[in-house]
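What the coordinates show
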Amino acid sequence: MNFFKIKTSWSNAEFIPFKLCIASIYILVGTYFHHFFWEYYIPVLVVFGITAVWTLSLWLNKMRMESKNEK
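Position numbers for residues count from 1 along each chain, tracking the sequence in the order it is written. With pLDDT at 70 or above as the cut-off, local features in this predicted model cover only qualifying residues; side-chain atom pairs require 80 or more to be listed or tallied, and sums for whole chains, interfaces and linings still use all residues. The side-chain figures draw on all heavy atoms in the structure; neither hydrogens nor water molecules are used.

Details of the overall build of the protein
Across its full length, the protein holds three helices and zero strands. Secondary structure follows DSSP: runs of H or I at least 4 residues long count as helices, runs of E at least 2 residues long count as strands, and numbering of each begins at the N terminus. Ordered by position from the N terminus, the helices and strands of the protein form the series α-α-α. For the accessible areas, the method is Shrake-Rupley and the probe is 1.4 Å, while residue cover comes only from the protein chains on display. Entry remark: accessible area of the protein is about 7,400 Å², with carbon and sulfur atoms responsible for 72%.

Observations regarding the confidence of the model for the protein
Close inspection of predicted coordinates is inappropriate in any region flagged by low pLDDT. For the protein, the average pLDDT comes to 79, and 87% of its residues sit at 70 or higher. pLDDT gives the predictor's per-residue confidence on a scale running from 0 to 100. The weakest mean pLDDT in the protein belongs to helix 2 (residues 34-38) at 80; the strongest belongs to helix 1 (residues 16-32) at 83.

As for the packing of aromatic side chains
Side-chain rings of Phe, Tyr and Trp (the six-membered ring for Trp) are treated as a pair once their centres are within 6.5 Å; stacked means planes under 30 degrees apart, edge-to-face means over 60, and tilted covers the remaining angles. Evaluation of the coordinates by the stated rule reveals two aromatic pairs. Judged by centre distance (4.8 Å) and plane angle (85°), the rings of tyrosine 32 and phenylalanine 33 are edge-to-face. Classification of phenylalanine 33 by relative accessible area gives partly exposed; the value is 39%. Burial classes: relative accessible area under 20% of the type maximum marks a residue as buried, over 50% as exposed, and values in between as partly exposed (1.4 Å probe, protein chains only).

Quick look at a nonpolar patch on the surface
Two joining distances apply to patches: 9 Å for like charges and 5 Å for nonpolar side chains (Val, Leu, Ile, Met, Phe, Trp, Tyr), and every residue must have over 30% relative accessible area and no salt bridge. Definition used for salt bridges: Asp or Glu carboxyl oxygen within 4 Å of a side-chain nitrogen of Lys or Arg. A cluster of nonpolar residues, Ile25, Tyr26, Leu28, Val29, Tyr32, Phe33, Phe36, Phe37, Tyr40 and Val44, forms a patch on the protein surface that exposes about 1,100 Å² of accessible area. Elements supplying a minimum of two residues to the nonpolar patch: helix 1 and helix 2. At five residues, helix 1 tops the list of elements feeding residues into the nonpolar patch. For tyrosine 26, a relative accessible area of 61% corresponds to the exposed category.

The structure is reproduced here in structure tokens:
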């Protein structure tokens, strides 16, 4: 049995603890390494922008596909 082949379905409410966990560790790392990351502020901001748009498009496509499957 391969662990990575198991498929699950999560609701948005079930992702809240996961998102809070990830956000809290990012804040802790960011405050600890503030001066180190200051030099990379613009590249990190660009990566954030690209991944935010990418995640939003994936989410919208998934919602569109689910709405087509309901009909």
